[in-house]
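Working through the structure, step by step
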Amino acid sequence: MDNKLIIIVPCYNEEEIIEYTIQKLNLLIENLINENLVSPQSKICFVNDGSIDKTEEIIQSYCKNNPKIMLINLSSNSGQQIAMLAGINNVDADMIVTIDADLQDNHLIIKDMVKKYLEGYQIVYGCRKKRETDSFLKKTTAGMFYKFMNKIGIQIRENHSEFRLMSRLAIEKLKEYKEKTIFLRGIVQNIGLKSTEIYYDRLERTAGKTKYSFFKLLELAWTGITSFSIFPLRLITIIGAVTSFISILILFYGVISYFKHAAVQGWTSIIMTIAFFSGIIIMSLGIIGEYLGKVLIEVKNRPLYHIKDIINKM
Ligand code: UDP
Ligand code: MG
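One structure accompanies this document, and this report is about it. (Residues numbered from 1 in each chain as written. Chains lettered and ligands numbered in written order. Predicted model: local features only at pLDDT ≥ 70, side-chain atom pairs only at ≥ 80, totals over all residues. Heavy atoms only, no water.)

Now for the environment of Arg205. When you line up the elements, Arg205 lands in the loop between strand E7 (195–200) and helix H8 (214–228). With 72 residues separating them in the primary sequence, Arg205 and Thr133 have C-alpha atoms 8.9 Å apart. For Arg205, the side chain forms a polar contact with the side chain of Glu14, separated by 2.9 Å. At 3.2 Å, the side chain of Arg205 and the backbone oxygen of Ala207 are in polar contact. (Helix = DSSP H or I, 4+ residues; strand = E, 2+ residues; numbered from the N terminus. Polar contact = N/O pair within 3.5 Å; in protein donor to acceptor, adjacent residues only side chain to side chain.)

Before going further, it helps to examine the site of ligand 1. The full set close to ligand 1 counts 19 residues, and Glu14, Asp49, Asp102, Thr210 and Lys211 are the nearest of them. The contact in question runs from an oxygen atom of ligand 1 to an N or O atom on the backbone of Pro10, over 2.7 Å. Within the side chain of Glu14, an N or O atom sits 2.6 Å from an oxygen atom of ligand 1. Within the complex, 96% of the 530 Å² of free accessible area of ligand 1 lies under protein. A breakdown of the residues in the shell around ligand 1 according to their chemical character gives five nonpolar, five polar and nine charged. (Near = heavy atom within 4 Å. Areas by Shrake-Rupley, 256 points an atom, 1.4 Å probe, with all protein chains shown as cover. Nonpolar A, V, L, I, M, F, W, Y, C, P; charged D, E, K, R; others polar.)

The next subject is the packing of helix H1 (residues 18–34) against helix H2 (residues 55–65). One can describe the packing of H1 onto H2 by two numbers: an axis separation of 9 Å at closest approach and a directional angle of 30 degrees. Here H1 is positioned roughly parallel relative to H2, judged by the angle of their axes. Considering only the axes of H1 and H2, their crossing is right-handed. Residues Ile18, Glu19, Ile22 and Gln23 of H1 form the contact with H2, whose own contacting residues are Ile58, Ile59 and Tyr62. Classifying every residue of the contact of H1 with H2 by side-chain character gives five nonpolar, one polar and one charged. (Axes fitted to C-alpha atoms, helices over the stretch in contact; angles between N-to-C directions. Parallel < 35°, antiparallel > 145°, perpendicular 65-115°, else oblique. Left-handed = near helix turned anticlockwise from the far one by under 90°. Contact = heavy atoms within 4.5 Å.)

The next point concerns the side chain of Lys68. Relative to the elements of secondary structure, Lys68 occurs in the loop between H2 and strand E3 (69–74). This buried residue, Lys68, is left without a salt bridge; Glu30 holds the nearest opposite charge, at 6.1 Å. At 3.4 Å, the side chain of Lys68 forms a polar contact with the backbone oxygen of Pro40. (Buried < 20%, exposed > 50% of the residue type's maximum accessible area, 1.4 Å probe, protein only. Lys, Arg positive; Asp, Glu negative; His and termini not counted. Salt bridge = Lys/Arg side-chain N within 4 Å of Asp/Glu carboxyl O.)

Let us look at the coordination of the magnesium ion (ligand 2). Looking at the magnesium ion (ligand 2), one finds its protein donor set to be Asp102 (OD) and Gln104 (OE1), positioned 1.9 Å from the metal centre. Given a relative accessible area of 5%, Asp102 falls into the buried group. (Donors = N, O, S within 2.8 Å, 3.2 Å for Na, K, Ca; no water.)

In this section: helix H7 (residues 184–191). Of all the eight residues making up H7, six are buried; the element is thus mostly covered by neighbouring parts of the structure. Along H7, the positions that sit buried rather than exposed are Leu184, Arg185, Gly186, Ile187, Val188 and Ile191. Contacts made by the buried residues of H7 are with helix H3 (80–89), strand E5 (123–128), helix H5 (136–151), strand E6 (160–167), helix H6 (168–175) and H8. Of the residues flanking the end of H7, it is Gly192, one or two places downstream, whose phi is positive at about 85 degrees.

Right, here's the structure in full:
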């Protein structure tokens, strides 16, 4: 069996750190080859997600002298999930490891991941031990997100993001998922197969800033929820049922008030009920709209990304 490893690294405006990352990953892959853990054809595949800084030039300069470094240039910024997928779809590997360009996830763990693969695991999840390098906001919102996901029945691994190893078989299964709005973490978990976890300490970013604003993160969480659960839709039905019941009570109240000749006094309650129910109706329409929007995206079936060029193609 050939053990060709491809490390896929999505990059968006990472000029401050990319050189460091290239050197570290190159050293790692050479060590793995020397130790006979992976085949000499193993490579590092950088996916440049439409960066507008010097990221592309820097990677390209390394590609010239080192065939082990492959570069896929996307024509525009499509987001980390799609960038990773572009990498996965354009390499031929026995095992793929995805890792962020800032190497916050300890890249030396990749060696342990490979060993697990050689033991027969199809998916190896990198899980962080603690979240102490995260901001307070990120820590608490992440905690809430995992709790909420588990409550509504979406099984995702806590403290695992995109750092993982997948075997050829796992990749084949992944490619069977044709959806356009992707939440890789959820899909990979869905695949099943024999898997294990490796725990590591996540480091701080040594250079550059996070490319995930709070809103980008919120968007990812929402994609996660809506692509794996129809719970929000069901919630509308429940809210609708409850509010209908309350309306009946209000109806009784109105009729009784009428017979007591006290109807005009009801201005406050009317305005309150109108406000309350308008709120619920608009919110419900919004949630339905969200799903409808997703259906539209899926139906259109547009290509997820466009590749500008590939350097050191396999
Ligand atoms: N990234 C990307 N496209 C984007 C945003 C981010 O390819 O639109 C990459 C980024 O270069 C990095 C990874 O996704 O390699 C994770 O981003 P970041 O480290 O900024 O996220 P954080 O660790 O702060 O969650
Ligand atoms: Mg990071």
